[in-house]
Amino acid sequence: MKKLILICLLGYLCLPISTIYANNKVASPTVEEEWGAFSTSSDTLTIGDQIPSGIEFSEVLQFDSDKLRLDDYRGKYVILEFWAPTCTASIASLPKMENLSQEFRDQIAVIPMTIFEEERVSEVFAGYESLDGVDLPIVLHAGKMRELFPHSTIPHFVVLDPEGKVLAITGVEDLTSGNLKKMLLGDTEVFRYKEDRKILLGRYDKLISESPQIPSKNIWFQSALTGYIPDVPASMIQEYEDLSHIRIVNMPLIRHYQLAFSERDLVDYYGRNRIQTIGFEAEELFTKKTGMDYLDWKEQGNHVFGYELIAPPSQNPYALMREDLNRYFPHIKASVKKEKRKVYAIVQQEGTNYPKAQEVESSYQAGSFGLSMQNYPLQGFVYHLNFYFYQRSEFPILNLTGIDYPIDLELEAQLSSISSLKQALRQVGLDLLEKEVEINVLVLEKIGDAKVLAL
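Residues numbered from 1 in each chain as written. Predicted model: local features only at pLDDT ≥ 70, side-chain atom pairs only at ≥ 80, totals over all residues. Heavy atoms only, no water.

Here we look at the overall build of the chain
(1) Moving on: Looking only at helices and strands, the chain has 11 helices and 20 strands in total.
(2) Moving on: In the chain, 74% of the contacts between residues at least 6 apart in sequence involve partners at least 24 apart. (Helix = DSSP H or I, 4+ residues; strand = E, 2+ residues; numbered from the N terminus. Contact = heavy atoms within 4.5 Å.)

Considerations on the side chain of Asn273
(1) Moving on: Mapped onto the elements of the fold, Asn273 is located in the loop between helix H7 (253-262) and strand E13 (275-278).
(2) Moving on: By relative accessible area, which is 9% here, Asn273 ends up buried.
(3) Moving on: The residues contacting Asn273, other than those within four sequence positions of it, are Arg341, Tyr390, Ser393, Glu394, Phe395 and Pro396. (Buried < 20%, exposed > 50% of the residue type's maximum accessible area, 1.4 Å probe, protein only.)

Side note on helix H4 (residues 118-127)
Given 3.6 residues per turn, any residue in an α-helix points the same way as the ones three and four places further on.
(1) Moving on: What H4 keeps buried is the set Val121, Val124, Phe125 and Gly127.
(2) Moving on: Residues of H4 that are buried make contact with strand E3 (60-61), helix H3 (88-103) and strand E7 (138-139).

Examining the packing of H7 against helix H9 (residues 317-328)
(1) Moving on: One can describe the packing of H7 onto H9 by two numbers: an axis separation of 8 Å at closest approach and a directional angle of 140°. Comparing the axis directions of H7 and H9 gives the class oblique. The way H7 lies across H9 gives a crossing that is left-handed. The residues of H9 that touch H7, namely those facing His256, Tyr257, Leu259, Ala260 and Phe261, are Tyr318, Met321, Arg322 and Leu325.
(2) Moving on: Here the contact of H7 with H9 is composed, by residue class, of seven nonpolar, one polar and one charged. (Axes fitted to C-alpha atoms, helices over the stretch in contact; angles between N-to-C directions. Parallel < 35°, antiparallel > 145°, perpendicular 65-115°, else oblique. Left-handed = near helix turned anticlockwise from the far one by under 90°. Nonpolar A, V, L, I, M, F, W, Y, C, P; charged D, E, K, R; others polar.)

A look at the pairing of strand E8 (residues 156-160)
(1) Moving on: Counting buried positions over the five residues of E8 gives five, a clear majority of the element.
(2) Moving on: With burial as the criterion, each face of E8 is covered, one bearing His156, Val158 and Leu160 and the other bearing Phe157 and Val159.
(3) Moving on: When strand E5 (residues 77-82) meets E8, the two strands line up antiparallel, connected through five bridges. Bridge assignment links Leu80 to a residue of E8, and that residue is Val158.
(4) Moving on: Between E8 and strand E9 (residues 166-170), which pair antiparallel one after the other, the connecting turn spans five residues, and Gly164 there sits at a positive phi close to 90°. (Pairing = 2+ DSSP bridges.)

Looking at the pattern of salt bridges
(1) Moving on: This model, assessed by the stated rule, comprises 18 salt bridges.
(2) Moving on: Where Asp174 meets Arg192, a salt bridge forms, and the shortest distance between an N and an O atom there is 2.7 Å. Taken together, the residues span a long stretch of sequence, with Asp174 in the loop between E9 and helix H6 (177-184) and Arg192 in the loop between H6 and strand E10 (222-226) at a distance of 18 residues.
(3) Moving on: Residue Asp174 is classed as buried on the basis of its relative accessible area, which comes to 7%.
(4) Moving on: On the basis of relative accessible area, Arg192 is assigned to the partly exposed category, the value being 29%.
(5) Moving on: Among the salt bridges present, the one from Lys289 reaches Glu283, with a minimum N-O distance of 2.7 Å.
(6) Moving on: In this structure Glu283 comes out as partly exposed when scored by relative accessible area, which is 31%.
(7) Moving on: Through salt bridges with shared partners, one network takes in Asp174, Arg192, Asp293 and Asp296. (Salt bridge = Lys/Arg side-chain N within 4 Å of Asp/Glu carboxyl O.)

Considering helix H8 (residues 291-299)
(1) Moving on: Taken together, the buried positions of H8 are Gly291, Met292, Tyr294, Trp297 and Lys298.
(2) Moving on: Elements in contact with the buried residues of H8: E9, strand E12 (244-252) and strand E14 (304-311).
(3) Moving on: Taken from the residues just after H8, Gly301 is the one with a positive phi, measuring 70°.

Some remarks on the packing of aromatic side chains
(1) Moving on: Evaluated as defined, the whole model comprises 11 aromatic pairs.
(2) Moving on: Judged by centre distance (5.5 Å) and plane angle (70°), the rings of Tyr269 and Tyr383 are edge-to-face. One end of the pair, Tyr269, is in the loop between H7 and E13; the other, Tyr383, is in helix H10 (residues 378-389), and 114 residues separate them in sequence.
(3) Moving on: On the accessibility criterion, Tyr383 (23% relative accessible area) is partly exposed.
(4) Moving on: Ring geometry for Tyr383 versus Phe387: centroids 6.2 Å apart, planes at 5°, classification stacked. In this pair, Tyr383 and Phe387 are both assigned in helix H10, four residues apart and thus about one turn of the helix distant.
(5) Moving on: Aromatic rings pair up to connect Tyr269, Tyr383 and Phe387 into one cluster. (Phe/Tyr/Trp six-rings, centres within 6.5 Å; stacked < 30°, edge-to-face > 60°.)

Let's talk about the sheet that holds E13
(1) Moving on: On the basis of which strands lie adjacent, the open sheet formed by four strands has the order E13-E20-E15-E18 and mixed pairing. Only two strands of the sheet have a single partner each, and these edge strands are E13 and strand E18 (397-399). Along the sheet, successive strands turn relative to each other by an average axial angle of 35°, direction set aside.
(2) Moving on: Alignment of strand E15 (residues 332-348) against strand E20 (residues 430-446), held across 17 bridges, turns out to be antiparallel. Within the sheet, the bridge partner assigned to Lys338 lies in E20 and is Asn440.

Points about the side chain of Glu284
(1) Moving on: The topology assignment puts Glu284 in the loop between E13 and H8.
(2) Moving on: Reaching out from Glu284, the side chain makes a polar contact with the side chain of Lys446 at a distance of 2.9 Å.
(3) Moving on: Apart from the residues within four sequence positions on either side, Glu284 is in contact with Asn302 and Lys446. (Polar contact = N/O pair within 3.5 Å; in protein donor to acceptor, adjacent residues only side chain to side chain.)

A word on the confidence of the model for the chain
(1) Moving on: Confidence in the prediction of the chain, expressed as mean pLDDT, is 87, and 89% of residues score 70 or more.
(2) Moving on: Low pLDDT (under 50) marks residues 1-12, which in the prediction has 35 contacts with non-local residues, meaning those over four places away or in another chain.
(3) Moving on: Confidence drops under a pLDDT of 50 for residues 16-42, and excluding neighbours within four residues, the segment shows 46 contacts in the predicted structure. (pLDDT = per-residue confidence, 0-100.)

Some thoughts on the environment of Gly367
(1) Moving on: Position of Gly367 relative to the elements: it lies in strand E16 (residues 363-367).
(2) Moving on: In this structure Gly367 comes out as partly exposed when scored by relative accessible area, which is 29%.
(3) Moving on: Put simply, Gly367 and Phe389 are 22 residues apart on the chain and 9.8 Å apart in space, counted from C-alpha to C-alpha.
(4) Moving on: When residues no more than four places from it in sequence are discounted, the contact partners of Gly367 are Phe389 and Leu415.

So this is what it looks like as structure tokens:
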């Protein structure tokens, strides 16, 4: 059985859910089927085009009427926001758009729309305190609108002028109060154009060596480094069978060191809260920019890199990767040291002894609002928390339960919330405490000038 770990980085830009869940049953009909024969299903709209009249939606949350008609908004600017309840970046944009809607309520209307159903949207609104004040009309099952405005990342914004013409197709970073004030004064150049282009790589495609002229190249060793490759989504793949294959595309340098030193160790995963950087300039190793600002940052100089390694099973691929990083980036000294750090520690409640798994088969399912695992190591869940939910947490999560055997565990909690996670763990005989303990920390120190050229 081939073992494959596929990590898609969606923190900065989210893929629309219809491309993630191929079997999602909310696949939309064509525009022609929904609204009549004003266009063919292949037609799309761009800047300067007139949006068709007669578009209406009957499934809308937080809306007083039985139908939302775009024609009713003529005379106002309209911002259409494409978002999804599974994308944290687009969830985070909703409170910002609510504030802008309140500021410009007499001149600008904001309409978020998603392909999801009411249950999924309501679940997110109930689980995020930041959404408590969001009172925008939420259009459901809006896949038909993607026929008009296709895109590959979200949040995605379309700005319509008072006559219903497409004024801008842009990202959340450009929808600021200042830019909207300029728009109302007639400046149509304030928004950058958000153009979603994508070259998809198959899981087993080799980044450097793929060539149709030689189908089987019989490669035993290969190591390669690239700079930024336009239009290719950031990703990280680790594959192990006859050969080890590591492939990283368009990712900040800190992610390369994270993988090389974390290896496949479920205990010592070096998230940002377990990395110490010394002597680097701001944004030299990573950035907090998002959306189009992040895309601009990627294109500027030596900010993101690609790496590919092919090696035989007799070699530790992570040791080879560390050697390569020393070779490619000699100005960076990387080491691991012991250091006392504050952590969130999962422990057993006093007097309890968590039972071993009753199930024979192993399974693991975790989402934003819960966990279900059978005959599975607790450390695997802790690794998932650190890698996915607490990448930006100030403190890492450690397993100090002493449980070194597979267990069954069911939790109903917002896994990204420490208080919610703590409450759920306490209900099953575990607890989550703040402690100060000695842990391994990855230290990255700049000891010279960078020599890598930007091509």
